Amino acid sequence: MAIRQTFRISSALKDVIGRDLITNEFVAIFELVKNSFDAHANWVSIEFDEDKISIIDDGKGMSQADIQEKWLFVAYSAKRTGTEDDSLPDDYRDLISVRRGYAGNKGIGRFSCDRLGARLDLYSRKVHTNTIEHLEVDWTSFEADSKQEFGTIIVHLGQETQFPALVKSPVPTSNGTVLVISKLRQLWGQEKIDSLRAYLAKLVDPFGTTRQAEILTFVANHSWPNVEGQVGNDIADILSRKTTRIEVVIEGDVITSSLYDRSVQIYKTEEDNPFELLKKSRIEANVYYLNRSAKATFTRQMGIQPVSFGSVFLFVNGFRIFPIGEPTDDTFGIGRRKQQGTARYFGNRDIIGKVDVHAPPRMFQEASSRDAGLIEDETTEELFDAVRRYVIFRLERYVTNVNWPDKLDMDRDDASGLRSDSGKARVIRVIRMLVGSKNIRLLDYDRDLVDVVSERAAQFEETMGGLVAIAEREGDKELLARIERSRARFTELKIAEEEARAAAERETNARIEAERRANLAERRADRSDQLVERLEKQAKLLLNSQDKGDEQLMLFHHQAIIYATEVESLVRTSLSKLSGACLGLDELNSKDSENTLSSIIDLTRNKITDALANLQSISLQNSRILAVTRFATQANFKLEADRITADIVQFLGEYVREVSSTYEDADFVKFKDNELAMISTFRPIDISIVVDNLISNASKARATRITFTCRKVKGGSGVEVVVEDDGNGIDDRVVDVSKIFDKGYTGSSRGSGLGLYHARLVLEEMGGGLGLDPDRPPRTARFIIRLPQKDGKS
């Protein structure tokens, strides 16, 4: 006959389900803070004294029956059964706005107290009562003999008339709970408390977007202001203005996505939700891409590098799920995917953000060990799949197609790079991919960025196809009409281009014969003749252009004005010197002294020599004007013949040195190649235009020096040129630096708004770039030229 038996429970169970599962003291304090949140506390305070930690909240509190039937009932959880708030009076429950999900429901969080110290004094007063319950627990009594049964260990439950006095922390004025944990198992110094505050800032909510109780820390007998006061985190607001981010909401049958680039909404879409198991939940995701500028901002504001902070955090019903988002965690498989293609995919270091899940009780279950994440099941798998496909991969597709091709974008914290023709084309390409899917409904997009690009842009034809798809999908008749007008102008330009190419072919033989004769004459020419000859050859490269569009003519007109201004200045100087020489000759008639005669002759000779040098410079500037004029009228030579493959650094240096010879002060323009070289395919006239515009702007700003300095691109094989002058600079308080490369925008009354626009345009068409140095000192002008490589990369 079988004998009925029951399990016996050793007192060692306390360690098995307590200290062995609560892996460290930070997790222990976090468990107790979560209990305060579950008690509907408005604030939670943690006070550190010499050998005790007090955790205080103004939550609903516990009665004697609650302590006996719930707190002392091991592994029992009223949260799990849904009866946690049944004993609350109706009027108190009315004060709770929207019910937050419970932080835990295993019934083991109470053993966090044992993880921190050997003794616990629990004081609690329930809402609408006057009695303060006092529970005393000596955890060492459970450790004396493991053969002693758990249920036989004595704890003491009594009553008090008031909460214990604390040194700095407030105590509840009515209902609430005070935990006094003494005989601490670890020392708590300033550095450790500081680490705990950083830990709590991440655990509660690193972006501060959910309603949370206020968390405060105090140190009783020390003046450590850096580790006292409210625990806060405002990094989300900072990143929203500095980088690219995506917001996704999955609720019911619909997924809504909004993508922003430096506060500019690029698009908003809606599509059907294919995840059946997630339709009872609401999932909100905010994920940010971190370029170099955003990482620097994050480190400066947070005092910690993003890689040490974490990646994409997961919250279920308002509380952090560990260890998802930790620096070493790869729950979403981002790190593994990065190994397949470093230039195509995100890594954990590239993004940061959070996923908020609001779900029914028991839908997403934490593993028993508090740092083991969620229990894996079909619902969890669908959640992770949804985050990867609709959040991370969508953001990745935009960044890799729009931001990454623009090398200077890594250091920008504004959206100025998107306003160029190439930037607009990349944005249109991404939106076209979205509208090409039958399942995606485009709700909104940025009309300023998704706009008709210039007819001379290299991406014109592809971009027009993308715009047509967007306009037809949205029924935008105005955009369709603008597209047709642009296409008509483009067709006219192509016809004119073909006619000019045919004319250029007819002149090829004549040019070859002329160059043969010119070579013979060049060997007999002196240095000034060689200079003019070289610049005339560079001017001939301008004959490639077949574009007679209004914009191109306007830009070359602006270029001609720059050179004509130099001619006018040189003529005035020459006239002044020649006038001085004439005065000297007049004096010859009135002076008899041999010494005086000699000095006047020397002075006159010097003035005439200076005037002749200026006339040579006038000839050089006039050659430039002729080159620009011929280029603007599409004369003579076809495009392919005008491109050269050479050391672009050497060419740039030679051109800058030739330009410097035209200035009276030989030290006005300096070039430092730092022994760098890079082979590239380019049109010399394009490099000339960039240099001339930058020097012209420096001269207008009353600069006495402008320097071109070559250096290696950080983290790459390319070369970039830092251009800096000592002129009036750029006053950020007056000038909108995000617009200085826009056509027509000027920061001074002397400018036309075309020079910088033209310079950036020709560099981008070569595969290079031009931008302001993001690290420039305030109110200075410092630009970075990214030189194109032979394969078109920069």
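Residues numbered from 1 in each chain as written. Predicted model: local features only at pLDDT ≥ 70, side-chain atom pairs only at ≥ 80, totals over all residues. Heavy atoms only, no water.

### Let's talk about the overall build of the protein chain
Secondary structure summary: the protein chain contains 22 helices and 23 strands in total. Long-range contacts, defined as pairs at least 24 residues apart, comprise 73% of the intrachain contacts of the protein chain with a sequence gap of at least 6. (Helix = DSSP H or I, 4+ residues; strand = E, 2+ residues; numbered from the N terminus. Contact = heavy atoms within 4.5 Å.)

### Overview of the layout of surface pockets
Of the pockets and cavities examined, the largest pocket occupies roughly 1,400 Å³. Looking at the largest pocket, it is lined by 49 residues, and the ones nearest its centre are R292, K407, L408, M410 and D411. Taken together, the elements giving at least two residues each to the lining of the largest pocket come down to α9 (292-302), β22 (769-772) and β23 (782-786). By residue number, the principal contributor to the lining of the largest pocket is α9, which donates six residues. (1 Å grid on protein atoms, 1.4 Å probe; cavity = no way out; pocket = protein on both sides within 12 Å on 5 of 7 lines; lining within 4 Å. Points joined across faces, edges and corners; volume = space filled by probe spheres on them.)

### Comments concerning the side chain of D686
Assignment of secondary structure puts D686 in helix α21 (residues 684-700). Excluding anything up to four places from it in sequence, D686 contacts V762 and M766.

### Considering the nonpolar core
Formed by 50 residues in total, the largest nonpolar core has its most connected members in L314, F346, V357, F364, L383, L395 and Y398. If you tally residues by element for this core, the top one is helix α12 (residues 378-403), at eleven residues. F364 has contacts with L278, S281, V316, V357, A359, L374, T379, T380 and L383, leaving out every residue within four places of it along the chain. One finds I29, L32, M62 and Y199 within the second-largest nonpolar core, a separate group that totals 47 residues. (Core = buried A, V, L, I, M, F, W, Y, C linked by side-chain atoms within 4.5 Å. Buried < 20%, exposed > 50% of the residue type's maximum accessible area, 1.4 Å probe, protein only.)

### Some details on a negative patch on the surface
Where like charges cluster on the molecular surface, the negative patch consists of E376, D377, E378 and E381. Assignment of secondary structure puts E381 in helix α12. (Patch = residues over 30% accessible without salt bridge, like charges linked within 9 Å, V, L, I, M, F, W, Y side chains within 5 Å. Areas by Shrake-Rupley, 256 points an atom, 1.4 Å probe, with all protein chains shown as cover. Salt bridge = Lys/Arg side-chain N within 4 Å of Asp/Glu carboxyl O. Lys, Arg positive; Asp, Glu negative; His and termini not counted. Charge placed at Lys NZ, Arg CZ, Asp CG, Glu CD.)

### What about the pairing of strand β2 (residues 52-57)?
Working note: regular strand, side chains alternate between the two faces of the sheet. The buried fraction of β2 is high, at five of six residues. As judged from the five bridges shared by strand β1 (residues 43-48) and β2, these two strands associate in the antiparallel manner. Bridging across to β2, V44 finds its partner in D57. The hairpin turn running from β1 into β2, its antiparallel successor, is three residues long. Note that β2 and strand β6 (residues 176-184) share six bridges and pair antiparallel. (Pairing = 2+ DSSP bridges.)

### Some remarks on the environment of R337
With respect to the element layout, R337 can be found in helix α11 (residues 334-338). Taking C-alpha positions, R337 is 7.7 Å from G347, a pair spaced ten residues apart along the chain. Setting aside residues no more than four positions away along its own chain, R337 makes contact with Y345, F393 and E396.

### A short note on the sheet that holds strand β14 (residues 319-320)
Strand pairing within a sheet occurs via backbone hydrogen bonds; the two strands may be parallel or antiparallel. The eight strands are arranged β14-β13-β15-β12-β9-β10-β11-β16 in an open sheet whose pairing can be described as mixed. In this open sheet, the two edge strands, each paired with only one partner strand, are β14 and β16 (440-445). Note that strand β10 (residues 254-261) and strand β11 (residues 264-272) share eight bridges and pair antiparallel. Paired with S258 across the bridge in β11 is K268.

### A few points about α21
Between its first and last C-alpha atoms α21 spans 24 Å; for 17 residues at 1.5 Å apiece the expected length is 24 Å, and the two agree. By the criterion of burial, α21 is predominantly enclosed, with 14 of the 17 residues buried. Phi for R702, located one or two positions after α21, is positive at around 60 degrees. (Expected span 1.5 Å × (residues − 1).)

### Quick word on the confidence of the model for the protein chain
For the protein chain, mean pLDDT is 78; residues scoring 70 or higher make up 68% of the total. Note on residues 91-106: pLDDT is under 50 here. Beyond four places in sequence and across chains, it has 47 contacts. Throughout residues 537-549 the model reports pLDDT below 50, and contacts reaching past four residues in sequence, or to other chains, amount to 49 contacts. (pLDDT = per-residue confidence, 0-100.)

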